[in-house]
Amino acid sequence: MKIFINGTGSVSPQETAAGAAFWPSFIPAEGNRRKVVDPDYKQWIDIKQIRRMSRVIKMGVGAAQLSLQEAGLWQPDGIITGTAYGCLDDTGVFIKKMVEQEEQMLTPTAFIQSTHNTVGGQVALLLGCHAYNNTFVHRGHSFESALLDATMILREGTAKQLLVGGLDEITHFSHAILERFGLFRHHVDGEGAAFFVLGTVQGPAASACLAGVQTVYKPADTAAVLRARDQLLATAGLGWADIDLLVLGQDGTADAWYTAMGTGKPALGFKQACGEYPTASAFAMWLANRVLSLQQAPPELVLQGKLPSKINNILIYNHHMGSHHSLILLTVC
Amino acid sequence: MEMEKLIADLKVQIIEQLNLQEVKPEDIGDDAPLFKEGLGLDSIDALELIVLLQQHYGIRVANPDDGPRIFQSVRTIAQFITEQKAAQA
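Residues numbered from 1 in each chain as written. Chains lettered and ligands numbered in written order. Predicted model: local features only at pLDDT ≥ 70, side-chain atom pairs only at ≥ 80, totals over all residues. Heavy atoms only, no water.

## A closer look at the overall build of chain B
Logical step 1: Along the backbone of chain B there are 4 helices and 0 strands.
Logical step 2: For 89 residues, the compact-globule estimate of 2.2 N^0.38 gives 12 Å, and the C-alpha radius of gyration of chain B, at 12 Å, lies within 12% of that figure.
Logical step 3: Seen through its principal axes, chain B has C-alpha atoms that stretch 35 × 30 × 20 Å.
Logical step 4: The buried share among the 89 residues of chain B stands at 40%.
Logical step 5: Put simply, 58% of the contacts in chain B that link residues at least 6 apart link residues at least 24 apart.
Logical step 6: Surface summary for chain B: the accessible area is close to 5,200 Å², and the carbon and sulfur share equals 52%. (Helix = DSSP H or I, 4+ residues; strand = E, 2+ residues; numbered from the N terminus. Rg over C-alpha atoms; globule rule 2.2 N^0.38 Å. Buried < 20%, exposed > 50% of the residue type's maximum accessible area, 1.4 Å probe, protein only. Contact = heavy atoms within 4.5 Å. Areas by Shrake-Rupley, 256 points an atom, 1.4 Å probe, with all protein chains shown as cover.)

## Considerations on the overall build of chain A
Logical step 1: Along its length, chain A carries 11 helices and 11 strands.
Logical step 2: Against the globule reference of 20 Å for 333 residues, chain A gives a C-alpha radius of gyration of 19 Å, in line with a compact fold.
Logical step 3: Sequence separation of at least 24 residues holds for 74% of the intrachain contacts in chain A that already meet a minimum separation of 6.
Logical step 4: As presented, chain A carries roughly 13,300 Å² of accessible surface, and 54% of it is formed by carbon and sulfur atoms.
Logical step 5: Positive and negative side-chain charges in chain A, numbering 25 and 28 respectively, have mean positions lying 2 Å apart. (Lys, Arg positive; Asp, Glu negative; His and termini not counted. Charge placed at Lys NZ, Arg CZ, Asp CG, Glu CD.)

## Focus on the pattern of salt bridges
Oppositely charged side chains are able to pair whenever their charged atoms sit close together.
Logical step 1: Following the criterion strictly, the structure yields 14 salt bridges over all chains and no others.
Logical step 2: Several salt bridges share partner residues, and in doing so they unite Arg51(A), Arg52(A), Asp42(B) and Asp45(B) into one network. (Salt bridge = Lys/Arg side-chain N within 4 Å of Asp/Glu carboxyl O.)

## Focus on helix H2 (residues 43-57) of chain B
Residue and element names in this part refer to chain B.
Logical step 1: For H2, which comprises 15 residues, the first-to-last C-alpha distance of 21 Å matches the rise-based estimate of 21 Å (1.5 Å per residue) to within 8%.
Logical step 2: Those residues of H2 not exposed but buried are Asp 45, Ala 46, Glu 48, Leu 49, Val 51, Leu 52, Leu 53, Gln 54 and Tyr 57.
Logical step 3: At the N-terminal end of H2, a side-chain oxygen is found 3.2 Å from the backbone nitrogen of Ile 44, two or three residues along, and the residue is Asp 42.
Logical step 4: Positive backbone phi, approximately 65 degrees, marks Gly 58, located one or two places after H2. (Expected span 1.5 Å × (residues − 1). Polar contact = N/O pair within 3.5 Å; in protein donor to acceptor, adjacent residues only side chain to side chain.)

## Observations regarding the pairing of strand S11 (residues 324-332) of chain A
Residue and element names in this part refer to chain A.
Logical step 1: Of all 9 residues that make up S11, 8 are buried, and the element is covered over most of its length.
Logical step 2: Direction of pairing for strand S6 (residues 208-217) relative to S11: antiparallel, over a ladder of 9 bridges. Following the sheet pairing, Tyr 217 is matched in S11 by His 324.
Logical step 3: The sheet contact formed by strand S10 (residues 313-320) and S11 spans 8 bridges and is antiparallel. When the bridges of S11 are listed, Ile 316 appears paired with Ile 328.
Logical step 4: The loop that links S10 with its antiparallel partner S11 comprises 3 residues; one of these, Met 321, has a positive phi angle of about 60 degrees. (Pairing = 2+ DSSP bridges.)

## A few points about the interface of chain A and chain B
Logical step 1: Counting residues at the interface gives 13 residues for chain A, matched by 17 residues for chain B.
Logical step 2: Summing the contributions of chain A and of chain B, the shared interface buries around 1,300 Å²; its carbon and sulfur component is 49%.
Logical step 3: The largest contributions to the chain A side of the interface with chain B come from Arg51(A), Arg52(A) and Met105(A), which together make up 47% of the buried area.
Logical step 4: In this assembly, chain A and chain B are joined by 4 salt bridges.
Logical step 5: Summed over the shared surface of chain A and chain B, the result is 9 residue pairs in polar contact (both at pLDDT 80 or more).
Logical step 6: For the side of chain A that touches chain B, the elements supplying multiple residues, two or more each, are helix H1 (47-50) and helix H4 (108-112) of chain A.
Logical step 7: Across the side of chain A that touches chain B, the residue classes tally to 6 nonpolar, 3 polar and 4 charged. (Buried area = accessible area lost by both parts, 1.4 Å probe. Nonpolar A, V, L, I, M, F, W, Y, C, P; charged D, E, K, R; others polar.)

## Section: the packing of aromatic side chains
Residue and element names in this part refer to chain A.
Logical step 1: In the structure shown here, the tally under the stated rule is 9 aromatic pairs over all chains.
Logical step 2: Geometrically, the ring pair formed by Phe 94 and Phe 111 is tilted, given 5.2 Å between the ring centres and 40 degrees between the ring planes. Highlighted residues: Phe 94 in helix H3 (residues 88-100) and Phe 111 in helix H4, separated in sequence by 17 residues.
Logical step 3: When the ring of Phe 143 is compared with that of Phe 196, the centres are 5.9 Å apart and the planes differ by 40 degrees; the resulting orientation is tilted. With a gap of 53 residues between them, Phe 143 in helix H6 (residues 142-156) and Phe 196 in strand S5 (residues 192-199) connect regions that are remote in the sequence.
Logical step 4: Here the aromatic cluster, defined as three or more aromatic residues joined through ring pairs, consists of Phe 22, Trp 23, Phe 26, Phe 283 and Trp 286.
Logical step 5: Here the guanidinium or amino end of Arg 229 rests over the ring plane of Trp 240, the centre of that ring lying 3.9 Å away. (Phe/Tyr/Trp six-rings, centres within 6.5 Å; stacked < 30°, edge-to-face > 60°. Lys NZ or Arg CZ within 6 Å of the ring centre and 35° of its normal.)

What follows is the structure, given as structure tokens:
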């Protein structure tokens with residue numbers, strides 16, 4: 001059974017919500033932190049509701065609305081999100097107040113909005129969607145787990161169109177703490193939200209299919225990841241030779257993982273555009289879908305090789321902190 | 001004069017506490033309804049206002065049934081604060 005990507009939406013450190021092919025102009029990183037370029041959220045959210053939404057909620061709701069608009073869908077059969085950090089900023093606000101006010105007189109808004117499933121809940125509230133609603137919090141595999149859940153539900157036939165997304169935010173505190181751990185010596189901190197309408201029937205805007213998702217947790221070596229890759233491709237009836245383009249999670253400096261995966265293939269790097277965060281692969285899937293749709297790629301992201309004249313199959317390979325590896329296969333439809 | 005200052009302070013505090021973006025103190029009428037009409041506040045906002053009274057004025061709303069009367073407008077909140085302060089004095 002084919003799973004079509006009927007709609008996509010991305011709010012990212014590039015102007016991906018502006019309606020251009022990829023973005024109006026590439027925004028390079030300044031320093032070691034990339035912040036989302038906020039679109040005008042009031043086009044999707046009533047001003048009375050916006051006031052209770054922290055940044056990540058607005059990012060998520062905006063990306064979800066963009067994907068629904070593209071798919072021409074107003075009521076999905078379920079909403080599935082993946083997030084590692086959840087509503088980190090509101091969690092910080094609430095915990096800070098708990099400490100400062102000695103657990104007295106705590107305001108309800110930060111508490112209500114600080115759970116990981118707030119974005120999925122807010123999207124459902126705005127749509128009036130009472131269907132399946134689930135959020136996966138699996139660190140660097142959060143988005144992939146959401147995709148796997150969606151894939152299984154669609155194949156079971158209990159849903160025809162699902163809204164699936166991945167999102168994470170940076171806060172001042174999280175950036176400072178992770179920076180002290182030395183996390184951003186080689187990477188740029190990032191954030192973003194990307195949503196997709198996945199369906200078993202091809203919509204008018206669909207140009208790609210989600211052909212497979214594979215995760216590998218703490219692989220022993222690069223050979224283990226390559227075995228997982230070959231297994232994923234075989235399941236989709238493809239071989240390594242069929243992959244026209246790689247989308248890799250490296251942001252400039254290759255490591256052994258990306259070097260092993262990237263041998264001999266043209267490749268794009270997506271973290272040069274969005275930075276490093278646990279659900280960055282959602283941005284990669286948005287990018288790969290656009291590449292398949294437009295049959296072109298942003299020149300700023302080309303890591304190696306020349307783009308083929310026809311791109312049929314794209315393999316996204318990402319790892320988060322060397323422990324959470326994932327492979328997402330998109331094919332043209 | 002004291003009542004006017006209290007009303008002015010409350011408007012600023014309400015905007016801050018409820019994160020009423022794009023609302024200025026002068027947009028809130030002294031006697032304008034806060035819930036349903038006017039600012040269109042809801043039950044979560046009511047909780048935020050109760051916390052506001054505790055934090056800024058040290059006043060607890062003991063009886064929830066008094067809520068609709070107290071939170072009818074900025075002026076009724078100011079009157080409630082004045083009454084409570086007088087009772088505490």
